[in-house]
Amino acid sequence: GKSGYDHYMLKEIHEQPRALRQCLRGRVDEMAGTVDIEDLGDLSPTGVQFVACGTSYHAALYGAQLFRNAGIPAQAFLASEYATSVPPIGDALVVGVTQSGETADTLSALRAARKRGARTMTVTNVVGSTAARECDHAFYIRAGPEIGVAASKTFSSQQVALNLLALGMTRTVDTRDVITSLRELPGNVQRVLDESAAEAVAEVYQDADAYFFIGRGYQHPVALEGALKMKEITYKHAEGFASGELKHGPLALVTEHTPVFAVVTGDGEQARKTVGNVKEVEARDAPVVAISDGQTDVARYADHVLEIPETHPRAAAVLANTHLQLLSYHTAALLGRNIDKPRNLAKSVTVE
Ligand code: M6R
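Being a predicted model, the structure only gives us computed values, none of them experimental.

Procedures and definitions
Residues numbered from 1 in each chain as written. Predicted model: local features only at pLDDT ≥ 70, side-chain atom pairs only at ≥ 80, totals over all residues. Heavy atoms only, no water. Helix = DSSP H or I, 4+ residues; strand = E, 2+ residues; numbered from the N terminus. Expected span 1.5 Å × (residues − 1). Buried < 20%, exposed > 50% of the residue type's maximum accessible area, 1.4 Å probe, protein only. Contact = heavy atoms within 4.5 Å. Axes fitted to C-alpha atoms, helices over the stretch in contact; angles between N-to-C directions. Parallel < 35°, antiparallel > 145°, perpendicular 65-115°, else oblique. Nonpolar A, V, L, I, M, F, W, Y, C, P; charged D, E, K, R; others polar. Arc of directions from axis to C-beta. Patch = residues over 30% accessible without salt bridge, like charges linked within 9 Å, V, L, I, M, F, W, Y side chains within 5 Å. Areas by Shrake-Rupley, 256 points an atom, 1.4 Å probe, with all protein chains shown as cover. Salt bridge = Lys/Arg side-chain N within 4 Å of Asp/Glu carboxyl O. Lys, Arg positive; Asp, Glu negative; His and termini not counted. Charge placed at Lys NZ, Arg CZ, Asp CG, Glu CD. Phe/Tyr/Trp six-rings, centres within 6.5 Å; stacked < 30°, edge-to-face > 60°. Lys NZ or Arg CZ within 6 Å of the ring centre and 35° of its normal. Pairing = 2+ DSSP bridges. Right-handed = clockwise from strand over helix to strand, strands pointing away. Near = heavy atom within 4 Å. Polar contact = N/O pair within 3.5 Å; in protein donor to acceptor, adjacent residues only side chain to side chain. 1 Å grid on protein atoms, 1.4 Å probe; cavity = no way out; pocket = protein on both sides within 12 Å on 5 of 7 lines; lining within 4 Å. Sits in = over half its atoms within 2 Å of the grid points. Disulfide = S-S within 2.5 Å. Points joined across faces, edges and corners; volume = space filled by probe spheres on them.

Draft legend 1. View of helix H5 (residues 104-115). Here H5 is 12 residues long and its end C-alpha atoms lie 16 Å apart, about the 16 Å a rise of 1.5 Å per residue gives. For H5, the set of buried residues is Ala 104, Asp 105, Thr 106, Leu 107, Ala 109, Leu 110 and Ala 113.

Here you go:
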C-alpha cells in the first residue's frame, strides 16, 4: 500500500534515503577509500557506451560524465537512436541503464551491441529481468519496487550505482571524498525531504505558462530530469537546458510568466557561469528559483531558494533532484493530476 501517503510517487520519493543505503550496502569501504563490486570481475574497459531512455537516459548522461572525469571515454546514447548513430564500439563496454530491465528500445540497443561483439552490462532494479538475463553483467541498483509511473527513487539509486561503478572500474585521486559524500547522501536526502520549500514554491508558480530548468556539468542531467518529471505528471510545458545554451535560442521563450529553476552547486567556474545565466533571465523579469548549496551569491538574483547541504558536486546532483521531484509532485497535486498514472504513459515501455 501507500503507507499513509497520498500517492505512490510521494512514498517513493520519501523512500530514497533507505533505497540509497541499500544501494551502498556492502559495496564501499570508507576506511580504505575503495569500492568493491561483485560480478565485475576484471572489467576495466577502455571506453563505455551507455544506452537508455527517459529518466534512465538522464542517469546515463550523468554516468558518462563520471567515467569521463575518471579518464575513461564515455558517451550516453538514447537507446532508440543508438542503432542509427552506428557509433564505433572497439573494446567499449555497452551499459544499458534500465530500471525495469524490460524497455524495448534499450533491449534492442543492447542486442545490437552484442551482435557487434561488445561486452554488455545492465544497471537495473529488477533481478531476473530480460536485461539482466541477456547481458554479460548485471549491476543492481536495489531501489525496491517502484509503482508510480514517474521514476523517482530509481533515478537517485541509478545515480549512486553509477558512482559505484565508476569508482569500482577506475582509480581516481579523490576517491575518498566521493565515497564520504556518498555515505552522507542518505542522511542529506533526508534533510532535503524534511526541510524542502518545494511545496511553497509549487503553490506560487502552479499557473505558470512554462517551466525552465538549467544546470551545467553534473547538474545538466538534473535540469533535464526536472523538466521531464514536470511534463510527465503536471502536463505543463517544461524544458531543461544546459545553462550555456540559453542564449543560443531558449532565452527568447523567457518571460515574467516562465519561472526558471537554476541548479547551482559548488563555487567553481561552472557555478559562476550559471550565476551569470541567472542574471540574464532575471534581467528579462523571469522569476528565478535557485537550487543552491549557498556557495555562490545566486540567492541575490533569485526569488526563492531551495537549499541543499554543501557536499561533493556529484552528490549535490542527487540532492538538487530531490527538490525538483517534490516541486513536480506538489505542482501536479495542486493541479489535481493523476500522479501515479499520468495520461498516455506506461510504467514500462515494451514496444519500440
Ligand atoms: O525501465 P526504464 O528505466 O528502462 O524506463 C525508461 C523510461 O521509460 C522511464 O525512465 C520513463 O522516462 C519514466 N516514466 C520517467 O519518469
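Draft legend 2. Structural detail: the side chain of Thr 175. For Thr 175, the position within the fold is in helix H8 (residues 175-195). Here Thr 175 falls in the buried class, since its relative accessible area comes to 9%. The residues touching Thr 175, leaving out its near neighbours within four places in the chain, are Gly 33 and Leu 167.

Draft legend 3. Summary view of the packing of helix H2 (residues 16-24) against H8. Their axes nearest at 8 Å, the elements H2 and H8 cross at an angle of 175 degrees. When the interaxial angle is binned, H2 and H8 end up roughly antiparallel. Across from Gln 16, Pro 17, Leu 20, Arg 21 and Leu 24 in H2, the residues of H8 making contact are Leu 182, Arg 183, Leu 185, Pro 186, Gly 187, Val 189, Gln 190 and Leu 193. Taken together, the residues of the contact of H2 with H8 sort by class into 8 nonpolar, 3 polar and 2 charged.

Draft legend 4. Layout of helix H9 (residues 198-205). Where H9 is concerned, the buried positions are Ala 198, Val 201, Ala 202 and Tyr 205. One side of H9 carries all its buried residues, which in axial view fall inside an arc of 105 degrees. Its buried side turned inward, H9 meets strand S8 (210-215), strand S10 (260-264), strand S11 (288-292), strand S12 (304-307) and helix H12 (313-334).

Draft legend 5. A negative patch on the surface, seen in detail. Taken together, Glu 256, Glu 282, Asp 285 and Asp 303 make up a surface patch of like negative charges. Tracing the sequence through the fold places Asp 303 in the loop between S11 and S12.

Draft legend 6. Up close: the packing of aromatic side chains. Inspection of the entire model under this criterion finds 6 aromatic pairs. Taking the centre distance of 5.3 Å and the plane angle of 75 degrees together, the rings of Phe 77 and Tyr 82 count as edge-to-face. One aromatic cluster is present, formed by Tyr 211, Phe 213 and Phe 261 through successive ring pairs. Here Arg 343 stacks its cationic end above the ring of Tyr 235, 3.9 Å away from the centre of that ring.

Draft legend 7. Structural detail: the pairing of strand S9 (residues 237-242). Bridge count for S8 against S9 is 6 bridges, and the pairing is parallel. Considered in S9, the bridge of Ile 214 is made with Phe 241. One crossover worth recording links S8 to the parallel S9 by way of helix H10 (residues 219-234), and it is right-handed.

Draft legend 8. Looking closely at the site of the ligand. With respect to spatial proximity, 13 residues lie near the ligand, and among them Ser 56, Thr 98, Ser 100, Thr 103 and Glu 232 are the closest. Thr 103 is positioned with one of its side-chain polar atoms (N or O) 2.5 Å from an oxygen atom of the ligand. The fraction of the free accessible surface of the ligand (410 Å²) that becomes covered by protein chains is 90%. Assessed atom by atom at 2 Å from the grid points, the ligand resides in the largest pocket. Only helix H3 (54-69) and H10 provide two or more residues apiece to the shell around the ligand. For the shell around the ligand, the leading source of residues is H3, giving 3 residues. Grouping the constituent residues of the shell around the ligand by class yields 4 nonpolar, 7 polar and 2 charged.

Draft legend 9. Fine view of the state of the cysteines. Inspection of the entire model under this criterion finds 0 disulfides. In this structure Cys 23 is not part of a disulfide, and its nearest cysteine sulfur, from Cys 135, lies 17 Å away. A residue is classified by how much of its surface remains accessible, and Cys 23, at 0% relative accessible area, is buried. Cysteine Cys 53 shares no disulfide, and the gap to the nearest cysteine sulfur, in Cys 135, comes to 14 Å.

Draft legend 10. Expanded view of the layout of surface pockets. Space inside the largest pocket adds up to approximately 580 Å³. In this structure, the largest pocket is lined by 27 residues; those nearest its centre are Cys 53, Gly 54, Thr 55, Lys 347 and Val 349. Only H3, strand S5 (93-98), H5, helix H7 (153-169) and H10 provide two or more residues apiece to the lining of the largest pocket. Among the elements that line the lining of the largest pocket, the one with the most residues is H3, at 4 residues. Classifying every residue of the lining of the largest pocket by side-chain character gives 10 nonpolar, 12 polar and 5 charged. Each pocket or cavity is described by its volume, and for the second largest pocket that value is around 260 Å³. Together, 18 residues line the second largest pocket, and Thr 265, Gly 266, Gln 270, Ala 271 and Pro 313 are the ones closest to its centre. Where the lining of the second largest pocket is concerned, the elements lending two or more residues are H3, S10 and helix H11 (269-283). When residues of the lining of the second largest pocket are assigned to their parent elements, the largest contribution, 3 residues, is made by H11. A breakdown of the residues in the lining of the second largest pocket according to their chemical character gives 5 nonpolar, 11 polar and 2 charged.

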